[in-house]
Amino acid sequence: MNIAANNGVWSGSWVAERLGVELVGDDGLTALLGLALRRNPRRAHLLVSNVLGKHVPQSPSVVYGHGFALGRRARDLLGESEAGQAVVLGYAETATGLGHAVADGLGLAPYLHSTRRPVAGVTPAGGFEESHSHATSHLLLPEDPALLSGDGPLVLVDDEFSTGNTVLNTIRDLHARYPRKRYVVVALVDMRSAADAGRLTAFAEEIGARVDLVAAASGTVRLPEGVLEKGQELVARYEESAASGDSSSAAAPGPVAQFPAPLEGVALEADFKSTHPGARGTARPAPTGPQSTDDRTTPHLHPTRIDLHWPPGLPDGGRHGFTPAHRIRLESALPLMAARVAEALPPDARRVLTLGFEELMYTPLRVARELEALVPAEVRYSTTTRSPVLAVDDPGYAIRSRLVFPAHDNPADGPGERYAYNVAGAGFDAVVLFVDSAGDTPELHAPDGLLARLGAHAPHVLLAVVPSYVPALPEESPAMLPEPLRGPAFSSYPAEDVGWLLQDLSDVTLEAPTEEREEAIQSGGAHYAESLPVEYQPSDRYQALFHAALETSAARIAQAVGVVTETVLAERSPRPVLVSLARAGTPVGVLMRRWAQFRYGLDLPHYAVSIVRGRGIDANALRWLAAHHDPRDVVFVDGWTGKGAITRELADAIEEFQAREGVSGFDPEIAVLADPGSCVRTYGTREDFLIPSACLNSTVSGLISRTVLRADLVGPDDFHGAKFYRELAGADVSVAFLDAVVARFAEVAESVDAAVKELAVTDRTPTWEGWAAVERISEEYGIHDVNLVKPGVGETTRVLLRRVPWKILARAGAGADLDHVRLLAEQRGVPVEEIGELPYTCVGLIHPKYTRGATGADGRAVNV
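Since the structure is predicted, the reported quantities are computational estimates derived from the model, not experimental observations.

## What about the overall build of the protein chain?
Check the secondary structure of the protein chain and you find 23 helices and 33 strands. Across the 864 residues in the protein chain, those meeting the buried criterion constitute 62%. Of the contacts made within the protein chain by residues no fewer than 6 positions apart, 77% connect residues no fewer than 24 positions apart. Total accessible area on the protein chain is roughly 30,200 Å²; 52% of this is exposed by carbon and sulfur atoms.

Here is the structure:
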């Protein structure tokens, strides 16, 4: 049953009436879709599916039935022979369960879904960016590398086909790696415009393959002139009204929908219990702190755990591939697992919600479908999500309520809010929450965590934990790994200063113009680590700035080098193995090595390794280090911290590597020259100042490029790659930079000793204030993607040298530290805004939703 069928109120009418949005198409379109609002610089409205099981609790039979039926239609389209050779690919997070169901409908098709959870040591078979999403990076991590390399049809499954950009970019990427003759795109709804519809035929001709589309319904969204601005103003007005407690802008009362449950007069957020009714049509602010006293005393706060007796070794879903054999094992185990859930439910429960967890959609859906046949209660199914949506308590609006809670699976992109929609006030007697073991963390059980939020709105909360599946990787022999590359054959640094645990890709053309790279990254066509920017060659004026900055800051850098090195020697290891994160960390690692030599005559080993945001650290490099050194002596080194994304990336990657390899002892905390983001305990300073090595690219980093990770160049037995730009030797200042700083060691030695003593008694606990500042700036400037906000002098310089900058925010009164930033901004036509209170000296904003030509501050060329 859907909302519209109950009482004639369509769950998109609230948005349609206020914005003039029209949903035009098949007769069943409004039964499948409602509308909601979100703050987004490209699209204000959100199509909310009534049958997907993501935002709207629905009968699990209805959810599974729609996906299975689409699989049957794809099977009919392909025919028995081709269907038997097909592979199905679903999209995280929304379509992971839908893709599984389509694969079931096809028959014996193996299934893989993209993921936003990197797994150290699992080599990506591809990846892409979904520019409109709040978490953009997708990875393809099949356990069997051959899964995507066959020549049978590839069936791609998403919940909606709107512009087609994400799907077509995926096909283009995979076709270049694993070409095949046929693709089928499957979606619940085809909502392309007439212009977008023609692209599919042209695209198929371009790649020389057949591309078909299967959808349950089709139509289009008609948007009046100025709808984006009007929608953003409406969202802002409701959020402001909710924050101030003013309900004067509430929608007029209307009939109450009977699906998924009566919601009249319920509170919209988790820190308001249902005994505190909210005004109809009024959005409430998202809670970020602990729950109220009432919620903390809610009974059943500690959930009932259910042992599902999960079959050993069975994947929890398609993150690494789900084969027909896996499906048979799951089918056999489902009746027992559903029976154990039924036994744990209170006997008087009349409405039960089975709640999945982000990408974990299929397992709870299948258990819920079995449960539906076992218990007399009305069973509904939905999942939590990363996507923030405005909640309005009106029967003509698709998102009636929302619960807000912290992420609880240590995500690679850092902490953040997560959401469960249409759960609060829906009258559920029991909620059965499914998470995988990676999500069963203290954050889940915290006073402001998801379990507590659910406990404020349902008298019974049950928890079922499915073991997180991690592929069994083949054992590697460290002897098979090559020895580190060294100068002068690779880099302009002396051989003893650093060994590069990289492979030489100098003969491969990897560079692309900055604008093309930005467009490809933000449109979903490529990951940033798959190509390189064209190396910036400084003008005479810029080079003069670099040398002036080096002259004035050399002593300051020498002081920070001394402090961080002495701290490492005192607290981490008397003979540390320095492992710098290439390439920004490499000059710092060399300087730390030279300080130890200058002060104590130590000849410390130093290596440079690759780490890639969203894909982790080079596992082969870790294997080499573990084979040649005691992991307890390894100290990871970087230049500076921004918001702390790499700090978190490294911690997660090390944890996963050690668990998988049976290796222990690696300490993931990074030692940095400057920690303005307050992300680490081992640093030279927490001031955000100009480090001249950040002013240039390879010409101050041993003529080595940024590292590269691309599946067709980096195999499972290879180190990540990089290039040696020998041709730039005439402009190289790498050794000159080192020598200028080393020359100041003697004069700062006494002040270093004093600073180290003071630091030893200082509370250096990371506060992560940089991350909080980035989140605030992202929201204030309407970017809604922390990856496009680059804090600090070093990161801002990178934005200007490598990306497409939008704006530069500068702390009012910042002096010579920003001379080079102002010059680069002037050269690229980028405005510099002075801000009175800024936690960093400056912040660089990458152009949001970039399309070629959309430079400058107005963003008028950005597609909306």
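## A short note on the sheet that holds strand E4 (residues 87–90)
Pairing within the open sheet is mixed, and its six strands lie in the order E1-E10-E9-E8-E4-E5. Edge strands, defined here as strands with exactly one partner in the open sheet, are strand E1 (22–25) and strand E5 (111–113). Pairwise comparison of adjacent strand axes, ignoring direction, gives a mean angle of 25° for this sheet. Inspection of the sheet shows E4 paired to E5 by three bridges, in the parallel sense. By the bridge assignment for E5, Gly90 is matched with His113. Seen against the sheet, helix H6 (residues 165–177) touches E4, strand E8 (154–161), strand E9 (182–190) and strand E10 (210–222) and runs at an angle of roughly 160° to E8. Most of the contacts of helix H7 (residues 194–207) go to E10, to which it runs at about 155°, and overall it touches E9 and E10.

## Topic: the sheet that holds strand E31 (residues 805–811)
One key point about sheets: their strands pair by backbone hydrogen bonds, in either a parallel or an antiparallel sense. With respect to topology, four strands assemble into an open sheet ordered E30-E33-E31-E32, the strand pairing being mixed. Of all the strands in the sheet, the pair left with one neighbour each is strand E30 (789–791) and strand E32 (832–835). Across the sheet, the axes of successive neighbouring strands diverge by a mean angle of 20°, strand direction being ignored. As defined by bridge partners, E31 adjoins strand E33 (residues 842–846) across five bridges and the pair is classed as antiparallel. The residue of E33 that forms the bridge with Lys807 is Leu845. Most of the contacts of helix H21 (residues 769–780) go to E30, to which it runs at about 140°, and overall it touches E30, E31 and E33.

## Quick word on unusual backbone geometry
Glu93 follows Ala92 through a cis peptide bond whose omega is -5°. For Glu93, the position within the fold is in the loop between E4 and helix H5 (96–106). With omega at 5°, the peptide bond leading from Ala582 into Arg583 counts as cis. Position of Arg583 among the secondary structure elements: in the loop between strand E22 (577–581) and helix H16 (585–600). For Asn410, which is not glycine, the phi torsion reads 50° and is therefore positive. You can see Asn410 is positioned in the loop between strand E14 (402–406) and strand E15 (417–421). Even without being glycine, Leu703 reaches a positive phi, approximately 65°. The buried category is assigned to Leu703, whose relative accessible area is 2%.

## Some points on the packing of helix H15 (residues 540–571) against helix H19 (residues 734–742)
In helix packing, the relevant descriptors are the interaxial angle and the interaxial distance, both defined with respect to the helix axes. At their nearest, the axes of H15 and H19 sit 8 Å apart, and the two run at 60° to each other. In the crossing of H15 with H19, the sense of the turn from one axis to the other is right-handed. Here Leu550, Ala554, Ile557 and Ala558 of H15 come into contact with H19, specifically with Ala736, Phe737, Ala740 and Val741. Looking at the contact of H15 with H19 residue by residue, the class counts come to eight nonpolar, no polar and no charged.

## With respect to H15
Taking 1.5 Å of rise per residue, the 32 residues of H15 would be expected to cover 46 Å, and the 43 Å separating its terminal C-alpha atoms lies within 8% of that figure. Of all the bends found along H15, the most pronounced is centred on Ser553 and spans about 55°.

## Side note on the packing of aromatic side chains
Under the definition given, this model contains 13 aromatic pairs. Through a chain of ring-to-ring contacts, the aromatic side chains of Phe490, Tyr493, Trp500 and Phe724 assemble into a single cluster. Over the aromatic face of Tyr64 sits the side chain of Arg366, whose NZ or CZ is 4.7 Å from the ring centroid. Stacked on the ring of Trp806, the Lys or Arg Lys807 has its end atom at 4.6 Å from the ring centre.

## Concerning the packing of H15 against H16
Running from N to C, H15 and H16 point in directions that differ by 75°, and their axes come no closer than 9 Å. Taken together, the axis directions place H15 and H16 in an arrangement best described as roughly perpendicular. Residues Ile557, Ala558, Val561, Gly562, Val564, Thr565, Glu566, Val568 and Leu569 of H15 touch H16, and the partners they reach there are Leu591, Met592, Trp595, Ala596, Arg599 and Tyr600.

## Notes on the confidence of the model for the protein chain
For the protein chain, the mean per-residue pLDDT works out to 82, and 84% of the residues sit at or above 70. Within the model, pLDDT remains below 50 along residues 130–136, and this stretch shows 26 contacts once partners closer than five positions in the same chain are excluded. Considering only residues more than four positions removed or in separate chains, one finds that residues 520–526, a stretch of pLDDT under 50, has 23 contacts.

## Describing the pairing of E22
Burial of E22 is extensive: five of the five residues sit out of reach of the surface. Going residue by residue along E22, you find Val577, Val579 and Leu581 tucked away on one face and Leu578 and Ser580 tucked away on the opposite face as well. When E22 meets strand E26 (residues 634–640), the two strands line up parallel, connected through four bridges. Its bridge partner being in E26, Ser580 is matched across the sheet by Val637. Regarding the hand of the β-α-β motif, the stretch spanning E22, H16 and strand E23 (residues 606–609) is right-handed.

## Overview of the pattern of salt bridges
According to the stated counting rule, one finds 41 salt bridges in the structure shown. For Asp497, the salt bridge is made with Arg594, and the minimal N-O distance between the two is 2.7 Å. Of this pair, Asp497 sits in the loop between strand E17 (460–466) and strand E18 (499–500) while Arg594 sits in helix H16, and the two are 97 residues apart along the sequence. For the pair shown, Asp497 and Arg594 are each scored as buried. One connected set of salt bridges, linked through shared partners, spans Asp497, Arg593, Arg594, Asp603 and Asp739.

## A closer look at the environment of Ile557
Checked against the element boundaries, Ile557 lands in helix H15. Distance from Ile557 to Leu591, taken between C-alpha atoms, is 9.6 Å for residues 34 residues apart in sequence.

## Remarks on the environment of Arg43
Structurally, Arg43 is set in the loop between strand E2 (33–37) and strand E3 (45–49). Judged by its relative accessible area of 23%, Arg43 falls in the partly exposed class. In this structure the C-alpha to C-alpha distance between Arg43 and Glu229, which are 186 residues apart in sequence, comes to 9.5 Å. Aside from chain neighbours lying at most four places away, what touches Arg43 is Arg38, Glu160, Ser162 and Leu228.

## Structural notes on the environment of Arg822
Following the sequence through the fold, Arg822 ends up in helix H23 (residues 819–828). Arg822 sits in the partly exposed class, given a relative accessible area of 29%. Taking the C-alpha atoms as reference points, Arg822 and Val832, ten residues apart in sequence, are found 7.3 Å from one another. When residues no more than four places from it in sequence are discounted, the contact partners of Arg822 are Ala814, Gly815 and Glu834.

About the cut-offs
- Numbering of residues starts from 1 in every chain and runs along the sequence as written.
- Only residues with pLDDT of at least 70 are given local features in this predicted model, and only at 80 or more are side-chain atom pairs given and counted; all residues enter the totals for whole chains, interfaces and linings.
- Only hydrogens and water are removed before side-chain values are computed, so all heavy atoms of the structure are retained for them.
- To qualify as a helix, a DSSP run of H or I must reach at least 4 residues; to qualify as a strand, a run of E must reach at least 2; elements of each kind are numbered from the N terminus.
- Whether a residue is buried, partly exposed or exposed follows from its accessible area with a 1.4 Å probe, protein chains only, as a fraction of its type maximum: under 20%, in between, or over 50%, in that order.
- Contacts were defined at the residue level, with two residues in contact if any of their heavy atoms lie within 4.5 Å.
- Surface accessibility in these figures is a Shrake-Rupley result with a 1.4 Å probe; residues are shielded only by whichever protein chains are displayed.
- Think of it this way: DSSP has to see at least two bridges between two strands before they count as a pair.
- Structural elements are reduced to axes, namely lines fitted to C-alpha atoms, with helices fitted over the stretch in contact, and the angle between N-to-C directions of any two is expressed from 0 to 180 degrees.
- Should the near helix be turned anticlockwise from the far one by less than a right angle, the crossing is termed left-handed; should it be turned clockwise, right-handed.
- Note on residue classes: Ala, Val, Leu, Ile, Met, Phe, Trp, Tyr, Cys and Pro are nonpolar, Asp, Glu, Lys and Arg are charged, and everything else, Gly too, is polar.
- A helix's residues, less one, multiplied by 1.5 Å, set its expected span.
- The bend reported for a residue corresponds to the angle between axes fitted to the seven residues ending at that residue and the seven starting there.
- Aromatic contacts are taken between Phe, Tyr and Trp rings whose centres are within 6.5 Å, Trp giving its six-membered ring; a plane angle under 30 degrees counts as stacked, one over 60 as edge-to-face, and the others as tilted.
- When the NZ atom of lysine or the CZ atom of arginine is within 6 Å of a ring's centre and also within 35 degrees of its normal, the charge is said to sit over that ring.
- Small angles under 35 degrees read as roughly parallel and large ones over 145 as roughly antiparallel, with 65 to 115 read as roughly perpendicular and the rest as oblique.
- As a per-residue measure, pLDDT reflects the predictor's confidence and takes values from 0 up to 100.
- With the strands aimed away from the viewer, a crossover counts as right-handed if its path from the first strand over the helix to the second runs clockwise.
- Whenever Lys or Arg places a side-chain nitrogen within 4 Å of a carboxyl oxygen from Asp or Glu, that contact is recorded as a salt bridge.

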